[in-house]
Amino acid sequence: MKNTVVGREIRVGVLGVGRGKSLVKSASMNGLKLVAICDNFKARLDQVCNEIGVAGYTDFDEFIKQDFDAVIIASCFHQHAPFAKKALLAGKHVLSETSTSATLREGVELYKLAEESGLCYMLAENYCYTRFVQEMKRLYEADEIGAAMYGEAEYNHPMSLPDIFHYCPGGVKHWRSQLPGCYYITHALAPMMYIMNAVPVEVSSVLLPKKESSGKEGYVALVRMDNGAVVRIFAGTAGHSCAYELHGQKGAMESVHGHGYFGPETIRVWHEPWEMEEGQCEDKTYLPNWPSDAEKASKCGHGGGDFFVEKAWAHAIRTGEQPFMDAYHGIMCSNVGIMAWKSAHNNGVFMKVPDLKNEADCAEMLEDNWTPFEGVENSRLYPEEMRWQRVITPDQYDLAREKWKELGYTDAEVDEMLKA
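The structure presented is a predicted model; accordingly, all values stated were derived computationally and were not measured.

Moving on, we get to the layout of surface pockets. What the second largest pocket holds in volume is close to 240 Å³. Lining of the second largest pocket is provided by Y129, Q134, Y194, F308, K311, A312, H315, A316, E321, Q322, P323 and F324. For the lining of the second largest pocket, the leading source of residues is helix α11 (residues 305-319), giving five residues. Taken together, the residues that form the lining of the second largest pocket break down as seven nonpolar, three polar and two charged.

Put into structure tokens, the structure is as follows:
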């Protein structure tokens, strides 16, 4: 790997003022020094940069020229690939949040550039690094349940209307207002890939009835992995939940279901009596320990996942060893969401997840620039029947105006957003 950093702090710039502020604590714990933030929301940018003492930029092209080693991309969901490509071309290592790319074409271009650059590109999938997922990975690698056959994963994060307006300014132009639910599949699928060290090869998906409060459909997807296991994923129902379950040839394990982003964080492992090996329990439920750095992780966001995803990224930059959720695994994971949406609009048929390491598949993906998001460069919008938009009704204008002004937007900016 090029541009490894040894013997000093890794200097980091962050695209995204909100995430930039939240990463200060976890970054410093991992030998990362935040030196610059870029965001086009200048009022908030100035406030945060003055508060934490870093340089602020509204122009990404100027920002990426500055003297730092690596960049965290925490911009809008569908905008990550163009920024990541510019960062790689500038010689910066990249940690990209949420999803890698808005189209299959973007994904191929990003993958090839990441490979050619010799730098570290990592998908910042913090749910791989929760305490319970790390314990499930440890158990799987210790052959506690044998080879995987079937898994289940869910990530449900409903929002109230006030929260939607508070966190999603921009009217129907905001990415959450155009986001098909299955595009946000990474929090459910990536941990299963990580636990099994497996890659998705095909997906079938169907949509659930629309939820009245949001007008949005949930989905159920079946993902076949390259190890033969099948994973069922669902999201979009009522109630926060985050849970994973895996059945193997010799037993099963799960993160116990519970309310909230991470549930109770406990693990259950069980075996049939006739399949138990020496030292195993028939049925055991327990709260696992962190693999390391428990005190540091407990102080960081996403159930400690923020600390460990940055630790993995920093380790890669220092040693030159690519992390698991590298360009290949990260983009393959994100592409499942795109293919799931295509499957849902083709009566749920299984569709191949094209392989980034297969040149014929790459050639096909380079011709596929369909997207549900407005404003993606060199793309085509899906037909109307394949797009989803949250429409702000007149009776919601006052609430939207109130929440957006709380965030610091001016009356003129709010008026413009309400025209969307």
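Moving on, we get to helix α3 (residues 42-52). Every buried residue of α3 is listed here: L45, V48 and C49. Take α3 and look down its axis: the buried residues cluster within an arc of 100 degrees, on one side only. Directly beyond the C-terminal end of α3, a positive phi value near 75 degrees is found at G53.

The backbone of N3 sits at a positive phi, close to 55 degrees, despite the residue not being glycine. Along the chain, N3 turns up in the segment before β1 (10-15). Within the chain, D143 stands out as a residue other than glycine whose phi angle is a positive 65 degrees.

This part takes up the nonpolar core. Of all hydrophobic cores here, the largest spans 121 residues; its most connected members are M196 and W313. At ten residues, helix α12 (residues 327-344) tops the list of elements feeding residues into this core. In this structure M196 touches Y140, A148, M225, N227, A229, V231 and L246, once residues within four positions along its chain are discounted. F165, I392, A400 and L418 belong to the second largest nonpolar core, which has seven residues in total.

Now for the sheet that holds strand β5 (residues 93-96). Pairing is parallel in the open sheet, where six strands are placed in the order β3-β2-β1-β4-β5-β6. Every other strand in the sheet has two partners, leaving β3 (55-57) and β6 (121-123) as the edge strands with one partner each. Here the strands of the sheet are splayed against their neighbours by 25 degrees on average, with no regard to which way each runs. As paired strands, β1 and strand β2 (residues 32-38) are joined by six bridges and run parallel to one another. Note on β2: the bridge partner recorded for V12 is L34. Against the sheet, α11 engages β1, β2, β4 (70-73), β5 and β6, with an angle of about 165 degrees to β5.

Here helix α5 (residues 80-89) crosses helix α6 (residues 104-117) at 15 degrees, and the two axes come no closer than 10 Å. Judged by the angle between their axes, α5 and α6 are roughly parallel. The interaxial crossing formed by α5 with α6 has left-handed handedness. Across from A81, P82, A84, K85, L88 and L89 in α5, the residues of α6 making contact are E106, E109, L110, L113, A114 and S117.

The next subject is the side chain of Q280. In this structure, Q280 sits in the loop between β13 (267-270) and β14 (283-286). With relative accessibility at 14%, the residue Q280 sits in the buried group. At a separation of 3.3 Å, a polar atom in the side chain of Q280 contacts the main-chain carbonyl oxygen of E144. Leave out the neighbours within four places in its chain, and Q280 touches E144, H271 and E275.

Moving on to the packing of aromatic side chains. Any two aromatic rings considered together are summarised by their centre-to-centre distance and by the angle between their planes. Per the stated rule, a full pass over the model turns up 20 aromatic pairs. Aromatic pair F77 and W175: ring centres 5.1 Å apart, planes at 20 degrees, arrangement stacked. Linking F77 in the loop between β4 and α5 with W175 in the loop between α8 (161-167) and α9 (186-196), this pair joins segments that are 98 residues apart in sequence. Looking at F77, the relative accessible area reads 2%, which means it is buried. Ring geometry for Y111 against Y328: centres 6.1 Å apart, planes inclined by 55 degrees, an arrangement best described as tilted. Placement of the pair is Y111 in helix α6 and Y328 in helix α12, with a sequence separation of 217 residues. Residue Y111 shares its accessibility class with Y328, and that shared class is buried.

In the structure shown here, the tally under the stated rule is 24 salt bridges. Of the charged contacts in the structure, one is a salt bridge between R105 and E109, with a shortest N-O distance of 3.4 Å. Highlighted residues: R105 and E109, both in helix α6, separated by four residues, approximately one helical turn. Note that K405 is salt-bridged to D411, the shortest N-O span being 2.9 Å.

The rules behind the values
- All residue numbers refer to positions counted from 1 along the written sequence of the respective chain.
- Predicted model: local features are reported for residues with pLDDT of at least 70 only, side-chain atom pairs are reported and counted for 80 or more only, and whole-chain, interface and lining totals are derived from all residues.
- Only hydrogens and water are set aside; all other atoms, that is, all heavy atoms of the structure, feed into the side-chain values.
- Using protein atoms alone on a 1 Å grid, points that fit a 1.4 Å probe yet trap it form a cavity, whereas open point sets bounded by protein on both sides within 12 Å along at least five of seven lines form a pocket; residues with an atom within 4 Å of a point count as lining.
- Grid points are joined across faces, edges and corners, and a volume is the space filled by probe spheres set on the points.
- Strands are runs of DSSP state E lasting at least two residues, helices are runs of H or I lasting at least four, and both sets are numbered from the N terminus onward.
- Note that Gly is not counted as nonpolar here; it falls among the polar residues with everything else outside the nonpolar set of Ala, Val, Leu, Ile, Met, Phe, Trp, Tyr, Cys and Pro and the charged set of Asp, Glu, Lys and Arg.
- When accessible area is computed with a 1.4 Å probe and restricted to protein chains, residues below 20% of their type maximum are described as buried, those above 50% as exposed, and intermediate ones as partly exposed.
- The directions considered for the arc are those from the helix axis to the C-beta atoms.
- Definition used in this section: a nonpolar core is a set of buried Ala, Val, Leu, Ile, Met, Phe, Trp, Tyr and Cys residues joined via side-chain atoms within 4.5 Å.
- The contact criterion used is simple: two residues touch if any of their non-hydrogen atoms lie within 4.5 Å.
- Any two strands are treated as partners once DSSP identifies two or more bridges connecting them.
- Where helices are involved, their axes are fitted lines through C-alpha atoms of the stretch in contact, as for all axes, and angles between N-to-C directions lie from 0 to 180°.
- Each angle gets one of four labels, with under 35 degrees taken as roughly parallel, over 145 as roughly antiparallel, 65 to 115 as roughly perpendicular, and the rest as oblique.
- Handedness of each helix crossing follows the sense of rotation of the near helix against the far helix: counterclockwise by less than a right angle gives left-handed, clockwise gives right-handed.
- Under this definition, polar contacts are N or O atom pairs within 3.5 Å; protein pairs additionally need one hydrogen-donor-capable and one acceptor-capable atom, and for neighbouring residues in sequence, both atoms have to be side-chain atoms.
- Think of it this way: a Phe, Tyr or Trp ring, Trp meaning its six-membered ring, pairs with another when their centres are within 6.5 Å, and the plane angle makes it stacked under 30 degrees, edge-to-face over 60, tilted otherwise.
- A pairing counts as a salt bridge when a side-chain nitrogen of Lys or Arg comes within 4 Å of a carboxyl oxygen of Asp or Glu.

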